[in-house]
Amino acid sequence: MAVELCLLLLLFCGSTISEVQPIYKPPPGTLDFGFVPAKTYDTGAYHEPGPIGILFKIVHAFLYLVQPNSFPQDLIRKLAQQKFGNTQGDYQKAIYYEIGFIVSAALGLLFILLLPLVGLCFCMCRCCDNCGGEMHQRQKKNADCQRSCFATFLFVASLIISVGVLCAYAANQHLTNQVRGAKKLVNSNFKDLKIFLNDTPAQIDYLVSQYNTTKDKALSDLNNVGPLLGSRVQEQLGKEVRPALDAALTMAGAIRETKEALENVSVSVEVLQEGTERLHANLTDVKMHLSNTLNDSACSAAQAASTCNIIRNSLNQLNINANFSGLPGVSSQLAKVNDVLKIDLSSLVQKGYAAFNDTPDLVVNQTRNILSDIKNVLESIGSNITTFTKTLPVQKILADLTIYLTQSEAYVQDYFPVVEQYDFYRWLGCLILCCMVVLILVFYYLGLLCGTCGYDKHASPTTRGCISNTGGNFLMAGVGFSFLFSWVLMIVVALTFVTGGNVEKLVCEPFEDKTLFKVLDTPYLLNEHWKNYLSGILFKNPNINLTFEKVYSDCKENKGIYTSLHLEHLFNINEFLNISMYTEDVALKIEHIQINLSKIILLDEIGKENLLNFSSSGIEGINFAAYLTEINKSVTKVDLLSFANDLEARADQLPKGALENALKGHANNIRMIHNQQVIPLEQAMSTLNQSIRLLKRTSSELMVKVKNVISAVNAAQLLINNNASQVIVQETKKYMDTIVGYFEQYIEWVKESIAMEVAACKPIANVIDTAVDIFLCSYITDSVNTFWFGLGGSSIFLIPAIIFAVKLSKYYRRMDTEDVYDDMENGNNGYHKEHLYGIHNPVFTSSVEQW
């Protein structure tokens, strides 16, 4: 029941991503949907063992030496399918894979069987005064060297045994500490699962609520249909309309400039004609007065005659050069242009601009009813989404799952003290095993201490001190307890070695490199009728490619639960996420938008007729060549200032007197004529030159220019009247794509959020990691393997310790008899039996000493 409820919850948390709708490109403005609310999970599914991790690595290296073979996937598959043994060679493969464990276990079994037997035989042998049981020691020259070597070897063996028992004790204590601290990790996993259940409906509600963001943006665009759709239509039409109106407005400006130029020509010609007549009369008077002065008798003098002749010969230069009296008038052209200007062409063009710029308002007015219908459709979509969401029994499923999770947590909390109690029994049993080894070590260390400190090299074997004898007894006691306990220790070591080693090689290492998942994903492994077991359990469809490895990896990456479990195969909510369902009505409404721009008049017939009248004003008939010919001439034949300066210079050449003064007076008079009459005439000529050239440019192909302007206006008007519908349809389609694009963004955001953020299944991966990687492998298996590694090493080194202790005890214990050395003349070799000389040790020999 719990599994079904969990699947239903996961079902409603996801949606299909297999049918991704195409998005309009280029995409519309990006919508900001914010971040899906999500809390941080507390569980860190990673265990750092600390300093004891070094021991764990050593044990892993030892297991690799024992079992270097790769994970036997084929054998495990056959075993799971109950086909193991059907194929010849399966047992050989299994034995080959387990050969390291088999050999090690066989050696342990030999240890268990032989060591008690050897101990029994050794005891009986010593009771018969054999195997070192005879309390007699032969004196040898290298006795001190042997004693030192035996003591050193025994001390080294004892140290190794001590290190092993310390490792075993550390592993035992580490496992207990981890079990006591496991409650916090278990509670953290339950807390994350509760967060997973509690946050999922809030995340779904957030996804649904963000539809308002899409709706608000769509409504904003609909309310601004004028600036958006109207401006788009206006922009497209403006590519032809604006250049046509600009050309018409430019022509209106040209008409005004033409009028001003004609007026300037008329005025300038009149000024020039009057000015040249007045200048001609003044120059004639100057020549007459100069001629009278030069006829004076003073010019007859030899010194002045040549100068006067030169001046007299230059008088013909004092005359006008340009003749403006013969230029044709422009009054008729000016009159026609003035008639054209009676109609304000610029105002007519501005009206065309204004009418065209009212396109957004026309769009707003003509789409008001349709936009109201679209807004109603958007509101109904929001209501449908809310209604559809409420029909999902998410709250009931969550309530059931929460109850199940609470019950599971209560069950774990209730049984956790039981686990701690059994762990205490385990810890106590392992401690007793360690104490067995410690007891043996105590006897060995005390024997070494007492024997070394109490040994007197000058004492004979029968007269050794009490401390030395006690040290030897301690060593033999350690030997006795070694025979009693070693086989018990080895039984525990063998059992934990075979169990823990295989768990490490067959579970922990394959789980770490995900090989175990590959085995579980083997088709027809767990169910002979199902290709994919996980999809068969979840969807009742074993043909769906859903693997344990993919689910675990996706959850490890904290992806959404529907992405990990492919829940679209269980519950397809395309009806909720199908873009056509939401946009079909909106698109139909927008497609029915019809905009009529025929009321826009760019330039009426009066304006066009006005342009034609301007083209027939006759300015192209003006004789520009005659004007330019006279304009290019100078006002006078000679520069009056140069003539006056030359006249004054020649007067200075004459003798001082009335003639000189008279000539200088005439020079000043010429300068005054230049300043007062020639300069204004030159300015009038410049104005006339500019106006004539402007008129010449304007009149050049004037009829063609006007017809081009009228043709451009007519073409733009034709576009608005007849072809604007195409532009409107095209821009309406783009406008519709923009509105629909908001929904596409929303749907894609929902899919992406569900895939990566909604119901992120990290807690599920954490539960698996906690159960397998942390509890089973890191806490239990590593600790158990380290325990047997330390205890096994200690047990093995008990063998050399027994040998060295038995050998060494002979040098510490007090003997009953000893060798007696006499003079070599007696013919003896220095070794005498007890019964020959009757030498007896009076010290009582206890039963313990018979060892």
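What counts, and where the lines are drawn
Residues numbered from 1 in each chain as written. Predicted model: local features only at pLDDT ≥ 70, side-chain atom pairs only at ≥ 80, totals over all residues. Heavy atoms only, no water. Helix = DSSP H or I, 4+ residues; strand = E, 2+ residues; numbered from the N terminus. Buried < 20%, exposed > 50% of the residue type's maximum accessible area, 1.4 Å probe, protein only. Contact = heavy atoms within 4.5 Å. Areas by Shrake-Rupley, 256 points an atom, 1.4 Å probe, with all protein chains shown as cover. Expected span 1.5 Å × (residues − 1). Phe/Tyr/Trp six-rings, centres within 6.5 Å; stacked < 30°, edge-to-face > 60°. Salt bridge = Lys/Arg side-chain N within 4 Å of Asp/Glu carboxyl O. Disulfide = S-S within 2.5 Å. Core = buried A, V, L, I, M, F, W, Y, C linked by side-chain atoms within 4.5 Å. pLDDT = per-residue confidence, 0-100. Axes fitted to C-alpha atoms, helices over the stretch in contact; angles between N-to-C directions. Parallel < 35°, antiparallel > 145°, perpendicular 65-115°, else oblique. Nonpolar A, V, L, I, M, F, W, Y, C, P; charged D, E, K, R; others polar.

Lay out the overall build of the protein with the relevant residues and their values.
Within the protein, the secondary structure is distributed over 28 helices and two strands. When burial is assessed residue by residue, the protein has 46% of its 851 residues classed as buried. A separation threshold of at least 6 residues defines the contact pool for the protein, and within that pool the share at least 24 residues apart is 89%. Taken as a whole, the protein presents about 42800 Å² of accessible surface, with 58% of it coming from carbon and sulfur.

Could you give an account of helix 27 (residues 798-812), naming the residues involved and the relevant values?
Compared with an ideal rise of 1.5 Å per residue, which puts 15 residues at 21 Å, helix 27 spans 20 Å between its outermost C-alpha atoms and is within 8% of the ideal. Where burial is concerned, most of helix 27 is hidden: 11 out of the 15 residues are buried.

A description of the environment of K39 should follow, citing residues and the corresponding values.
Residue placement: K39 occurs in the loop between helix 1 (2-13) and helix 2 (53-66). Judged by relative accessible area, K39 falls into the exposed class, the value being 56%. The spatial distance from the C-alpha of K39 to the C-alpha of F196 is 8.8 Å, given a sequence separation of 157 residues. Dropping the residues within four chain positions of it, K39 is found in contact with I195 and D199.

Can you break down the side chain of S268 residue by residue, with the values?
Following the sequence through the fold, S268 ends up in helix 7 (residues 225-294). Beyond its immediate chain neighbours, meaning those up to four positions away, S268 contacts A684, T687 and L688.

Tell me about the packing of aromatic side chains, and please be specific about residues and values.
Under the criterion given, the structure shown has 23 aromatic pairs. A centroid spacing of 6.0 Å and a plane angle of 35 degrees characterise the contact between F443 and F474, whose relative ring orientation is tilted. Residue F443 is found in helix 13 (residues 394-454), and its partner F474 is found in helix 14 (residues 466-512); the two are separated by 31 residues along the sequence. Among the residues examined, F474 registers a relative accessible area of 22% and is labelled partly exposed. Three or more aromatic residues joined by ring pairs form one cluster here, namely F62, F101, F497, W788 and F789.

Lay out the pattern of salt bridges in plain terms, naming residues and giving numbers.
In the structure shown here, the tally under the stated rule is nine salt bridges. K259 is paired through a salt bridge with E263; the nearest N and O atoms lie 3.9 Å apart. With a gap of four residues between them, K259 and E263 both fall in helix 7, about one helical turn apart. The exposure class of K259 is partly exposed, given its relative accessible area of 27%.

Explain unusual backbone geometry to me, and be specific about the residues and the numbers.
For K514, which is not glycine, the phi dihedral falls at a positive 65 degrees. Counting through the fold element by element, K514 comes out in the loop between helix 14 and helix 15 (515-520). Backbone geometry places N558, a non-glycine residue, at a positive phi of 65 degrees.

How would you sum up the state of the cysteines? Please name residues and give values.
Applying the stated criterion across every chain, the model contains two disulfides. Across a sulfur-sulfur distance of 2.1 Å, C508 and C777 are joined as a disulfide pair. Around the S-S axis, the bridge from C508 to C777 shows a dihedral of about -100 degrees and counts as left-handed. A residue pair is termed long-range when its members are at least 10 positions apart, and C508 in helix 14 and C777 in helix 26 (residues 762-796) qualify at 269 residues. Here the two residues C508 and C777 agree in accessibility, since each one is buried. The disulfide partner of C555 is C761, and the S-S distance across this bridge is 2.2 Å. The sign of the -110 degrees torsion about the S-S bond sets the C555-C761 disulfide as left-handed. Here C555, found in helix 17 (residues 548-556), pairs with C761, found in the loop between helix 25 (702-756) and helix 26; they are 206 residues apart in sequence, far enough to count as distant.

Any details on the nonpolar core? Residues and values, ideally.
One finds L290, L318, L602, Y627, L663, I670 and L688 to be the most contacted residues of the largest nonpolar core, which totals 82 residues. Considering every element that reaches this core, the biggest residue donor is helix 7, with 20 residues. Formed by 58 residues, the second largest nonpolar core is a distinct cluster that contains I397, I544, Y562 and V772.

A description of the confidence of the model for the protein should follow, citing residues and the corresponding values.
Per-residue confidence for the protein averages 77 on the pLDDT scale, and 82% of its residues sit at or above 70. Across the protein, element-level confidence peaks in helix 2 with a mean pLDDT of 91 and bottoms out in helix 1 with 34. For residues 1-28, every residue scores under 50 in pLDDT, and the model assigns this stretch 63 contacts once sequence neighbours within four places are set aside. Low pLDDT, under 50, characterises residues 822-851; the predicted model gives this stretch 42 contacts beyond four residues in sequence or across chains.

Residue-level account of helix 17, with values.
Among the residues of helix 17, V551, Y552, S553, D554 and C555 are the ones counted as buried. At the exit of helix 17 stands N558, carrying a positive phi of roughly 65 degrees.

An account of the packing of helix 4 (residues 90-127) against helix 14 is requested, with residue identities and associated values reported.
Running from N to C, helix 4 and helix 14 point in directions that differ by 170 degrees, and their axes come no closer than 10 Å. Judged by the angle between their axes, helix 4 and helix 14 are roughly antiparallel. Of the residues contributing to the contact of helix 4 with helix 14, the split by class is 18 nonpolar, six polar and three charged.

Please set out the environment of C453 residue by residue, giving values where relevant.
Topologically, C453 is positioned in helix 13. The class of C453 is exposed, set by a relative accessible area of 62%. A sequence separation of 15 residues divides C453 from S468, and the C-alpha atoms of the two residues are 7.3 Å apart.

Account for the environment of K78, with residues named and values stated.
Along the chain, the position of K78 falls in helix 3 (residues 73-80). For K78, a relative accessible area of 21% puts it in the partly exposed group. On a C-alpha basis, the gap between K78 and D90 in space is 9.1 Å, while along the polypeptide they are 12 residues apart. In contact with K78, other than residues within four places in its own chain, are K83, F84, T87 and D90.

How would you sum up the side chain of S691? Please name residues and give values.
Structurally, the position occupied by S691 is in helix 24 (residues 658-699). On the accessibility criterion, S691 (4% relative accessible area) is buried. S691 has contacts with A261, N264 and V265, leaving out every residue within four places of it along the chain.

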